[in-house]
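# Topology and contacts: notes
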Amino acid sequence: MIPSGIHMQSGHLMRATLTYNGTTLYETVTDTVTNHTYSNHYTVNIPALVEGDTAIVGFAGATDTSYVQQNIESWTYTVQ
């Protein structure tokens, strides 16, 4: 994410959007202070990974010994 200007350790409020169309998961993260945006997509079969049609969604992430703490201020779920 760093080449895009997104630094999760900045303490800035980030807006994350995840969209899944049945085969591809699209991710967009926007730093609401700097307006930098990171986008990526992943080919994934989510029902196969979770072994069903329902799952719990959350935010977490770490690489090696680095980590970032998230405070989710709002959450919206929309069925398309």
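Heads up: the structure comes first, above all this text.
Below is a short write-up of the structure. (Residues numbered from 1 in each chain as written. Predicted model: local features only at pLDDT ≥ 70, side-chain atom pairs only at ≥ 80, totals over all residues. Heavy atoms only, no water.)

An order of E1-E2-E3 is seen for the three strands of this open sheet, with the pairing classed as antiparallel. The sheet is open, and its two borders are formed by strand E1 (14-20) and strand E3 (37-43), each paired with just one other strand. The mean angle between the axes of side-by-side strands here comes to 10 degrees, regardless of whether they run parallel or antiparallel. The sheet contact formed by strand E2 (residues 24-31) and E3 spans seven bridges and is antiparallel. Directly across from Thr30, in E3, lies its bridge partner Thr37. (Pairing = 2+ DSSP bridges. Helix = DSSP H or I, 4+ residues; strand = E, 2+ residues; numbered from the N terminus. Axes fitted to C-alpha atoms, helices over the stretch in contact; angles between N-to-C directions.)

The next thing to look at is the side chain of Thr30. Looking at the secondary structure, you find Thr30 in strand E2. Polar side-chain contacts of Thr30 include one of 3.3 Å to the side chain of Thr37. Beyond its immediate stretch of four places on either side in the chain, Thr30 contacts Ile6, Leu13, Met14, Arg15, Asn35, His36 and Thr37. (Polar contact = N/O pair within 3.5 Å; in protein donor to acceptor, adjacent residues only side chain to side chain. Contact = heavy atoms within 4.5 Å.)

This part takes up the environment of Leu25. Tracing the backbone shows Leu25 in strand E2. Given the relative accessible area of 21%, Leu25 is considered partly exposed. With 20 residues separating them along the chain, Leu25 and Asn45 place their C-alpha atoms 8.9 Å apart. (Buried < 20%, exposed > 50% of the residue type's maximum accessible area, 1.4 Å probe, protein only.)

To continue, consider the side chain of Glu27. Counting through the fold element by element, Glu27 comes out in strand E2. The side chain of Glu27 is buried and forms no salt bridge, while Arg15, the nearest opposite charge, is found at 14 Å. A distance of 2.5 Å separates the side chain of Glu27 from the side chain of Tyr42, its partner in a polar contact. (Lys, Arg positive; Asp, Glu negative; His and termini not counted. Salt bridge = Lys/Arg side-chain N within 4 Å of Asp/Glu carboxyl O.)

What follows concerns the pairing of E2. As judged from the seven bridges shared by E1 and E2, these two strands associate in the antiparallel manner. Along E2, the bridge assignment pairs Tyr20 with Leu25. A loop of three residues connects E1 with E2, the two strands running antiparallel in sequence, and Gly22 in this loop sits at a positive phi of about 105 degrees. Between E2 and E3, which follow one another and run antiparallel, lie five residues, and Asn35 among them has a positive phi close to 65 degrees.

Among the structural elements, Ile46 can be located in helix H1 (residues 46-50). A residue is classified by how much of its surface remains accessible, and Ile46, at 28% relative accessible area, is partly exposed. As a C-alpha pair, Ile46 and Leu25 span 21 residues in sequence and 8.8 Å in three-dimensional space.

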